[in-house]
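Survey of secondary and tertiary structure
Listed here are the chains, written in short residue letters.
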Amino acid sequence: MEERNAKVGPLKKITLILEAGMEPETMDLTREPVSYDFIYGIGMQGLSPFEFALSDKRAGDILDFRLRGEEMLSFFQHLSIPQLTVLEGVSSFHLKVQVVGITEPDQREIIKAMAEAAERGDSCCCH
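Please read all numbers here as calculations on a predicted model, not as lab measurements.

A few words now on the environment of Ile 17. Counting through the fold element by element, Ile 17 comes out in strand β1 (residues 13-21). For the pair Ile 17 and Ile 62, spaced 45 residues apart in sequence, the C-alpha to C-alpha distance is 9.4 Å. Not counting residues up to four positions away in its chain, the partners in contact with Ile 17 are Pro 33, Val 34, Ser 35, Lys 96, Val 97, Gln 98 and Val 100.

For residues besides glycine, phi is generally negative; the peptide bonds are generally trans as well. Phi is positive for Leu 11, which is not a glycine, with a value near 60 degrees. Of note, Leu 11 is situated in the segment before β1.

Where burial is concerned, most of strand β4 (residues 93-103) is hidden: eight out of the 11 residues are buried. Here nine bridges tie β1 to β4, and the two strands are oriented antiparallel to one another. Counterpart to Leu 18 in the pairing with β4 is Val 97. Sheet topology note: the strand β3 (residues 62-67)/β4 ladder contains six bridges and is antiparallel.

The next thing to look at is the confidence of the model for the protein. Across the protein, the average pLDDT comes to 88, with 91% of residues at 70 or higher. The secondary-structure element of the protein with the lowest mean pLDDT is helix α3 (residues 107-120), recorded at 87, while helix α1 (residues 49-54) shows the highest, at 97.

Counted by the stated rule, this structure contains seven aromatic pairs. Centroid distance Tyr 36 to Phe 38: 5.6 Å. Interplanar angle 20 degrees. Geometry classified as stacked. Phe 38 matches Tyr 36 in its accessibility class, with the two residues each being buried. Geometrically, the ring pair formed by Phe 50 and Phe 75 is edge-to-face, given 5.6 Å between the ring centres and 65 degrees between the ring planes. Remark: Phe 75 occurs in helix α2 (residues 72-76) and Phe 50 occurs in helix α1; sequence separation between them is 25 residues. A relative accessible area of 0% means that Phe 50 is categorised as buried. Classification of Phe 75 by relative accessible area gives buried; the value is 11%.

The rules behind the values
Residues numbered from 1 in each chain as written. Predicted model: local features only at pLDDT ≥ 70, side-chain atom pairs only at ≥ 80, totals over all residues. Heavy atoms only, no water. Helix = DSSP H or I, 4+ residues; strand = E, 2+ residues; numbered from the N terminus. Contact = heavy atoms within 4.5 Å. Buried < 20%, exposed > 50% of the residue type's maximum accessible area, 1.4 Å probe, protein only. Pairing = 2+ DSSP bridges. pLDDT = per-residue confidence, 0-100. Phe/Tyr/Trp six-rings, centres within 6.5 Å; stacked < 30°, edge-to-face > 60°.

In structure tokens:
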């Protein structure tokens, strides 16, 4: 259930739209915008740098990051975004992230997400 004026925070289900490009105004590294859902704050090592950047954001907020391919593992840590695997080989790129939803997940979603994160380990990004 969507919460009005909800902020990104612990154990919220976050829905994002991600796009990547060589320049901030040209999202040419992703064929189309990538939708990604995750439960915020379930990493075994705490929040990833990506999650820290999303903290307290609201639906509609847009963030732009400049990253190098080799930074992806440390930036996303336990979060798995298979569609961004191709970016690991790119020297540097811009990642545009839009928060499109913040909801209360049900208990099954939280347990499933925690089990998947534990199975992958805490240094997974895009695999």
